[in-house]
Amino acid sequence: MRSGAVVLITGASSGFGAAAARLLASRGLTVFGTSRREGATGEGFTMLPLDVRSDASVAACVDEVIRRAGRIDALVNNAGYTLAGSVEETAIEEAKAQFDTNFFGMTRMVRAVLPIMRAQREGRIVNVSSLAGLIGLPFHAMYSASKFAIEGLSEGLRQEVRRFGIEVSLIEPGDFKTGATAGRERVASGLADYATARERAIEIMARAEQSGPDPILFARLLWQILAAKRPRLRYRLGKDAVWVPRARKLIPESAFEWLLRDEYKLNE
Ligand SMILES: NC(=O)c1ccc[n+]([C@@H]2O[C@H](COP(=O)([O-])OP(=O)(O)OC[C@H]3O[C@@H](n4cnc5c(N)ncnc54)[C@H](OP(=O)(O)O)[C@@H]3O)[C@@H](O)[C@H]2O)c1
């Protein structure tokens with residue numbers, strides 16, 4: 001990507017987004033990050049207000065980038081959060097809220113930016129999925145479902161827009177040490193039958209995240225994707241994101257499921 005190219009990264013106030021915005025800015029790109037928080041600032045990049053749940057906020061953010069920089073070379077759809085709770089415990093409104101940020105938020109951003117990229121006849125869109133977008137995780141099924149949806153959206157979109165010089169890629173990270181652990185939302189009403197297994201599984205996941213690698217690895221991978229002439233559809237990030245899907249292919253499904261239950265102490 002040429003020096004000064006304009007990159008818009010959603011959710012740049014912490015974790016992956018903040019690390020990526022800092023690195024890309026330090027390497028000479030014109031970076032716009034976003035946060036819902038009024039007055040948030042970025043280290044070496046411009047922070048704009050954005051709530052991906054709002055059409056008006058998405059339109060205002062994209063308009064502002066165009067007003068300031070005149071173009072958008074890359075959109076990184078990173079904003080998201082994790083909802084924890086069993087499917088039965090999750091109210092439909094909570095499930096809808098999870099999709100409104102993780103899936104429809106991304107869709108809103110893509111729809112707002114595509115007219116600009118089509119007119120430019122070039123652009124990059126990088127969507128942040130998850131290992132949970134490849135494997136349905138217990139007590140995080142709505143989060144997984146929103147990330148599976150991102151996988152399907154990105155695959156289809158990639159085929160539609162390639163003719164306009166627009167490349168679409170997915171990053172599928174495993175567990176990383178970011179603000180996602182503290183930001184994890186829990187369903188409002190729990191059922192006693194699930195309580196022990198739910199709390200144990202959440203605790204194991206939270207520990208894996210907090211002992212996970214630094215999000216700088218995400219920033220470096222993003223830099224490589226933006227620099228690639230023909231970026232791939234999928235990029236797995238982190239050891240677990242590489243070996244877990246591989247193991248799933250190699251061993252019988254029932255054995256893989258047993259291992260998954262074992263990991264989250266659901267066999268006990
Ligand atoms: N950490 C992991 O282990 C992991 C693994 C796989 C995938 N991921 C994915 O990576 C992405 C980034 O998460 P992270 O781990 O870096 O977590 P994080 O540190 O909590 O960062 C999440 C970012 O999303 C923004 N955000 C949340 N809701 C938003 C909304 N409605 N509108 C606009 N921005 C919103 C937050 O900004 P404000 O609160 O300032 O608005 C924040 O900057 C997410 O899509 C997550 O699902 C994380």
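Up top is the structure.
Residues numbered from 1 in each chain as written. Predicted model: local features only at pLDDT ≥ 70, side-chain atom pairs only at ≥ 80, totals over all residues. Heavy atoms only, no water.

1. Re empty space enclosed by the protein
As enumerated under the stated definition, the model contains one cavity of 30 Å³ or more in all. Size it by volume and the largest cavity reaches roughly 40 Å³. Lining the largest cavity, in full, are Thr 10, Val 52, Asn 77, Asn 78, Ala 79, Thr 101, Gly 105 and Met 106. Looking at the lining of the largest cavity, the element that brings in the most residues is helix H3 (residues 92-120), giving three residues. For the lining of the largest cavity, the residue count by class is three nonpolar, five polar and no charged. (1 Å grid on protein atoms, 1.4 Å probe; cavity = no way out; pocket = protein on both sides within 12 Å on 5 of 7 lines; lining within 4 Å. Points joined across faces, edges and corners; volume = space filled by probe spheres on them. Helix = DSSP H or I, 4+ residues; strand = E, 2+ residues; numbered from the N terminus. Nonpolar A, V, L, I, M, F, W, Y, C, P; charged D, E, K, R; others polar.)

2. Here's the deal with unusual backbone geometry
Even without glycine at this site, Arg 121 takes up a positive phi of about 60 degrees. With respect to the helices and strands, the residue Arg 121 is situated in the loop between H3 and strand E6 (123-128). You will see that Phe 139, though not glycine, has its phi angle at about 65 degrees, which is positive.

3. Things to note about the layout of surface pockets
Rolled over the atoms, a probe sized like a water molecule indicates the empty space that remains. Its volume calculated, the second largest pocket comes out at about 290 Å³. In terms of lining, the second largest pocket is formed by 17 residues, of which the most central are Met 1, Glu 122, Gly 123, Arg 124 and Gly 165. Across the lining of the second largest pocket, the residue classes tally to six nonpolar, two polar and nine charged.

Remember, this is a structural readout, not a statement about activity or role.
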